[in-house]
Amino acid sequence: MSGRRRALRVTLGTGFCGGFTTYRALANDTSTLLRDGLAGHALAYVGATLVLGLAASVLGIVLARHRRGREA
(Lines give C-alpha, C1' and ligand atoms only; values in the text may rest on other atoms or scores of the structure.)
Protein backbone atom coordinates (compact mmCIF):
# COMPACT_ATOMS: atom_id res chain seq x y z
CA MET A 1 0.00 0.00 0.00
CA SER A 2 1.39 3.37 -0.94
CA GLY A 3 2.40 5.83 1.77
CA ARG A 4 -0.17 8.40 0.72
CA ARG A 5 -3.01 5.87 0.59
CA ARG A 6 -2.07 4.46 4.00
CA ALA A 7 -1.88 7.95 5.51
CA LEU A 8 -5.33 8.77 4.13
CA ARG A 9 -6.77 5.52 5.50
CA VAL A 10 -5.28 6.13 8.94
CA THR A 11 -6.42 9.76 8.97
CA LEU A 12 -9.98 8.93 7.99
CA GLY A 13 -10.30 5.67 9.86
CA THR A 14 -8.55 6.42 13.09
CA GLY A 15 -8.54 10.19 13.29
CA PHE A 16 -11.87 11.24 11.86
CA CYS A 17 -14.03 8.31 12.95
CA GLY A 18 -12.21 8.02 16.28
CA GLY A 19 -13.10 11.62 17.00
CA PHE A 20 -16.79 10.79 16.80
CA THR A 21 -16.53 8.05 19.43
CA THR A 22 -14.48 10.31 21.71
CA TYR A 23 -16.99 13.13 21.34
CA ARG A 24 -19.86 10.73 21.97
CA ALA A 25 -18.27 9.54 25.21
CA LEU A 26 -17.73 13.13 26.37
CA ALA A 27 -21.31 14.10 25.52
CA ASN A 28 -22.77 10.97 27.12
CA ASP A 29 -20.79 11.30 30.34
CA THR A 30 -21.59 15.00 30.62
CA SER A 31 -25.26 14.34 29.99
CA THR A 32 -25.31 11.67 32.69
CA LEU A 33 -23.72 14.03 35.21
CA LEU A 34 -26.23 16.76 34.35
CA ARG A 35 -29.15 14.34 34.61
CA ASP A 36 -27.93 13.31 38.06
CA GLY A 37 -27.96 16.96 39.13
CA LEU A 38 -24.18 17.30 39.21
CA ALA A 39 -23.76 20.42 37.07
CA GLY A 40 -20.52 21.42 38.79
CA HIS A 41 -19.03 17.99 38.17
CA ALA A 42 -20.15 18.14 34.54
CA LEU A 43 -18.53 21.53 34.05
CA ALA A 44 -15.32 20.39 35.74
CA TYR A 45 -15.28 17.21 33.63
CA VAL A 46 -15.70 19.09 30.35
CA GLY A 47 -13.18 21.75 31.35
CA ALA A 48 -10.57 19.24 32.51
CA THR A 49 -11.06 17.14 29.38
CA LEU A 50 -10.52 20.14 27.10
CA VAL A 51 -7.54 21.54 29.02
CA LEU A 52 -5.78 18.18 29.43
CA GLY A 53 -6.49 17.27 25.80
CA LEU A 54 -5.00 20.53 24.60
CA ALA A 55 -1.99 20.10 26.89
CA ALA A 56 -1.42 16.56 25.61
CA SER A 57 -1.61 17.79 22.01
CA VAL A 58 0.88 20.59 22.63
CA LEU A 59 3.23 18.22 24.45
CA GLY A 60 3.06 15.76 21.55
CA ILE A 61 3.87 18.48 19.03
CA VAL A 62 6.78 19.77 21.12
CA LEU A 63 8.21 16.28 21.59
CA ALA A 64 7.84 15.47 17.87
CA ARG A 65 9.64 18.69 16.89
CA HIS A 66 12.38 18.01 19.42
CA ARG A 67 12.86 14.48 18.12
CA ARG A 68 12.82 15.63 14.51
CA GLY A 69 15.42 18.27 15.34
CA ARG A 70 17.73 15.66 16.87
CA GLU A 71 17.46 13.42 13.79
CA ALA A 72 18.47 16.18 11.37
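Scoring rules and cut-offs
- Each residue is numbered by its place in its chain's sequence as written, counting from 1.
- Residues qualify for local features only when their pLDDT is at least 70, as the model is predicted, and side-chain atom pairs are given and counted only at 80 or more; totals for whole chains, interfaces and linings, by contrast, use all residues.
- Side-chain calculation: all heavy atoms of the structure are included, whereas hydrogens and water are not.
- In this analysis, a patch consists of residues with relative accessible area above 30% that form no salt bridge, clustered at 9 Å for like charges and at 5 Å for the nonpolar side chains Val, Leu, Ile, Met, Phe, Trp and Tyr.
- Only the protein chains shown count as covering a residue, and every accessible area follows the Shrake-Rupley method with a 1.4 Å probe.
- Salt bridges, as used here, are contacts in which a Lys or Arg side-chain nitrogen is within 4 Å of a carboxyl oxygen on Asp or Glu.
- Each helix corresponds to a stretch of at least 4 residues labelled H or I by DSSP, and each strand to a stretch of at least 2 residues labelled E; elements are numbered beginning at the N terminus.
- Burial classes: relative accessible area under 20% of the type maximum marks a residue as buried, over 50% as exposed, and values in between as partly exposed (1.4 Å probe, protein chains only).
- Contacts were defined at the residue level, with two residues in contact if any of their heavy atoms lie within 4.5 Å.
- Lines are fitted to the C-alpha atoms to define the axes, a helix being fitted only along its stretch in contact, and any angle between axes, read from their N-to-C directions, falls within 0 to 180 degrees.
- Orientation is classified from the angle alone, with under 35 degrees giving roughly parallel, over 145 giving roughly antiparallel, 65 to 115 giving roughly perpendicular, and any other angle giving oblique.
- Left-handed describes a crossing whose near helix is turned anticlockwise from the far helix through less than a right angle; right-handed describes the clockwise counterpart.
- Charged means Asp, Glu, Lys or Arg here, nonpolar means Ala, Val, Leu, Ile, Met, Phe, Trp, Tyr, Cys or Pro, and polar covers whatever is left, Gly included.

Just to check I follow, could you spell out a nonpolar patch on the surface for this structure?
Nonpolar side chains collect at one region of the surface, where Leu 8, Leu 12, Phe 16 and Phe 20 lie side by side and expose about 440 Å² of accessible area between them. Inspection of the secondary structure puts Leu 12 in helix 1 (residues 3–35). Leu 12 gets classed as partly exposed once you look at its relative accessible area, which sits at 45%.

Whenever I open this one, the side chain of Thr 30 confuses me. Can you help?
By secondary structure assignment, the location of Thr 30 is in helix 1. Here Thr 30 is in contact with Ala 42, Tyr 45 and Val 46, once residues within four sequence places are set aside.

Whenever I open this one, the environment of Val 46 confuses me. Can you help?
Relative to the assigned elements, Val 46 resides in helix 2 (residues 39–71). When its relative accessible area of 25% is taken as the criterion, Val 46 is described as partly exposed. For Val 46 and Gly 60, which are 14 residues apart along the polypeptide, the C-alpha to C-alpha distance reads 21 Å. When neighbours within four sequence positions are excluded, Val 46 is seen to be in contact with Leu 26 and Thr 30.

Any chance you could explain the packing of helix 1 against helix 2 here in plain terms?
Contact geometry of helix 1 with helix 2 gives a least axis separation of 7 Å together with a crossing angle of 160 degrees. Between helix 1 and helix 2, the interaxial angle falls into the category roughly antiparallel. Crossing hand, helix 1 versus helix 2: right-handed. Residues Ala 25, Leu 26, Asp 29, Thr 30, Leu 33 and Leu 34 of helix 1 touch helix 2, and the partners they reach there are Ala 39, His 41, Ala 42, Tyr 45, Val 46 and Thr 49. Residue composition of the contact of helix 1 with helix 2, grouped by class: eight nonpolar, three polar and one charged.

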